[in-house]
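Survey of secondary and tertiary structure
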Amino acid sequence: MSTISLVRDTMSESSADTRPRCLIVDDEAPLRAVLRRILEQQGFHCRDAASGVDAVVALEQEPASLVLSDYHMPEMDGVELLRTIRDRWPDTAVVMVTAVSDVELAVQCLANGAMDYVTKPFRVEEIRGRVGQALEKRELLLENKTYRENLEARVQAQARAYEELFLASLQSLADALEVKDPYTWGHSVRVGRYAMAIAIELGLDEQHLVQIELGSRLHDIGKIGVRETVLNKDGPLTDEEYHHVMEHPVIGWRILSPLLRDAPHALSVVRSHHERYDGRGAPDHLAGDNIPIEARVAAVADSFDAMTSGRPYRAGMAVDDAMAELERCAGSQFDPECVQAFKRALAARAFPLPDSFVRRPTSRSAVAA
Ligand SMILES: [Fe+2]
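Residues numbered from 1 in each chain as written. Predicted model: local features only at pLDDT ≥ 70, side-chain atom pairs only at ≥ 80, totals over all residues. Heavy atoms only, no water.

Things to note about the layout of surface pockets
There is about 1100 Å³ of room inside the largest pocket. The wall of the largest pocket is formed by 39 residues, among which Lys 223, Tyr 242, Met 246, His 274 and Ala 306 lie closest to the centre. Broken down by secondary-structure element, the contributors of at least two residues to the lining of the largest pocket are α7 (187-202), α9 (228-231), α10 (239-245) and α13 (293-308). Residue composition of the lining of the largest pocket, grouped by class: 14 nonpolar, twelve polar and 13 charged. In this structure, the second largest pocket spans a volume of roughly 530 Å³. Lining the second largest pocket are 17 residues, with Glu 163, Phe 166, Leu 167, Val 210 and Leu 214 sitting closest to its centre. Where the lining of the second largest pocket is concerned, the elements lending two or more residues are α6 (124-180) and α8 (206-218). Partitioned by chemical class, the residues of the lining of the second largest pocket number ten nonpolar, two polar and five charged. (1 Å grid on protein atoms, 1.4 Å probe; cavity = no way out; pocket = protein on both sides within 12 Å on 5 of 7 lines; lining within 4 Å. Points joined across faces, edges and corners; volume = space filled by probe spheres on them. Helix = DSSP H or I, 4+ residues; strand = E, 2+ residues; numbered from the N terminus. Nonpolar A, V, L, I, M, F, W, Y, C, P; charged D, E, K, R; others polar.)

Below, the structure written as structure tokens:
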């Protein structure tokens, strides 16, 4: 098999002439002619350039698989041309041709990415052999590059699949809670929707947005650890029952901490969504800006949905009344900026207002109905 047949000349695939492209760069015209003849006999489509600058122009017009370049040239010497080619046409193989049998110069060229070098005067067979080897090396490098790119794509696809599975398992946790507490059905989805609208109004970054949605979906997950008799009690809670329910942020945070190491903002939503702006919340009695912004956002979203959603023992509040209540509590229970951001999002209808306020039928829905 000839060397040429081994060459994958990706640059010439689109043209009718499928011969691999070679650019010969030398300031001596007779030498260019000799090299051209040798390489054309070897099956190359050759062009030549009398200087490094001309070579760059030629490559801009049409890239090449192989550049055979002299070292000593005016304006741009061979090493500078080599660096330019490495930088701009990294798939091009460069073989240096130099009049000096200088080991240091050869090392410098190889260190700068030359595939090989030949010294003048050269023999025809030497040129053919070195060019063939350079193209085989290039072929291997291109195969390796393609393999790496495919591998990276496969790894990314696997990471995405893993992330989807991970989110699906978190979703099943949220579902488990909704089975235990049917009246929270749809609550976490709506809280996520409202919280996202607030976060977007506040101009929070992408990382916050993604984690706020995740944290909102899971914010009440700790209620899995709350007694069902308390969770589903139709009526006001006793002090003991209230304190028991209010353990859910910490329970949820404990459950999710090992799973959400890479999502600290989502964890903050879970732990701190019952903190109050005035510091009288739970569990850490944080106040003002000491409450993570994602939790301040979620607190507004959570309360709005709690107010507007019906319970067996009370109807849901009208949207305008709930908004007025949020504003009344801005600065005490809620971050005023988050309340205003929600008001703007609400006015702009940044999210669908819930037809989901209609409860899903459950075994207890006769009460709700
Ligand atoms: Fe909660």
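The discussion continues.
As for the state of the cysteines
This model, assessed by the stated rule, comprises zero disulfides. Not engaged in a disulfide, the cysteine Cys 46 finds its nearest cysteine sulfur in Cys 22; these two sulfurs lie 4.6 Å apart. The buried category is assigned to Cys 46, whose relative accessible area is 3%. (Disulfide = S-S within 2.5 Å. Buried < 20%, exposed > 50% of the residue type's maximum accessible area, 1.4 Å probe, protein only.)

Describing the coordination of the iron ion
For the iron ion, every protein donor is listed as Asp 220 (OD), His 248 (NE2), His 273 (NE2) and His 274 (NE2), and the spread of their distances is 2.1 to 2.3 Å. One way to put it: the four donor atoms around the iron ion meet at angles of 85 to 172°, and that makes the site irregular. Written as a sequence motif, the donor residues of the iron ion are D-x27-H-x24-H-H. Here His 273 lies in the loop between α12 (264-272) and α13 and His 248 lies in helix α11 (residues 248-256), a separation of 25 residues in the sequence. Taken individually, His 248 and His 273 each receive the classification buried, so the pair is uniform in this respect. (Donors = N, O, S within 2.8 Å, 3.2 Å for Na, K, Ca; no water. Tetrahedral: all angles 85-135°; square planar, octahedral: opposite > 155°, others 65-115°.)

Concerning the pairing of strand β2 (residues 45-49)
With five bridges joining them, strand β1 (residues 21-25) and β2 adopt parallel strand pairing. Opposite Cys 22, over in β2, you have Cys 46 as the bridge partner. Handedness of the β-α-β unit built from β1, helix α2 (residues 29-41) and β2 comes out right-handed. (Pairing = 2+ DSSP bridges. Right-handed = clockwise from strand over helix to strand, strands pointing away.)

Digging into empty space enclosed by the protein
A complete count under the given rule lists three cavities of 30 Å³ or more for this structure. What lines the largest cavity is simply Ala 174, Leu 177, Glu 178, Thr 184, His 187, Ser 188, Ser 216, Arg 217, Leu 218, His 219, Asp 220 and Ile 221. Within the residue set of the lining of the largest cavity, elements represented by two or more residues are α6, α7 and α8. Partitioned by chemical class, the residues of the lining of the largest cavity number four nonpolar, five polar and three charged.

Comments concerning the sheet that holds β1
Spatial ordering of the open sheet is given by β2-β1-β3-β4-β5, a layout of five strands whose pairing is parallel. Every interior strand has two partners, whereas the edge strands, β2 and β5 (116-119), have only one. Recorded for the sheet is a direction-independent mean angle of 20° between the axes of neighbouring strands. Of the strand pairs in this sheet, strand β3 (residues 66-70) and strand β4 (residues 93-98) are connected by five bridges, and their pairing is parallel. Note on β4: the bridge partner recorded for Asp 70 is Val 97. (Axes fitted to C-alpha atoms, helices over the stretch in contact; angles between N-to-C directions.)

As for the environment of Ala 341
Note that Ala 341 resides in helix α15 (residues 336-347). Its relative accessible area of 0% is what places Ala 341 among the buried residues. The spacing of Ala 341 and Ile 200 is 141 residues in sequence and 8.7 Å in space, taken between C-alpha atoms. When near neighbours in sequence (up to four residues on either side) are disregarded, Ala 341 contacts Ile 198, Glu 201 and Leu 202. (Contact = heavy atoms within 4.5 Å.)

A closer look at the packing of aromatic side chains
According to the stated counting rule, one finds three aromatic pairs in the structure shown. Both rings, one in Tyr 194 and one in Phe 304, keep their centres 5.2 Å apart while their planes meet at 85°; by these two values the pair is edge-to-face. On the criterion of sequence distance, the pair formed by Tyr 194 in helix α7 and Phe 304 in helix α13 is long-range, its members being 110 residues apart. (Phe/Tyr/Trp six-rings, centres within 6.5 Å; stacked < 30°, edge-to-face > 60°.)

The analysis is restricted to geometry; functional conclusions fall outside its scope.
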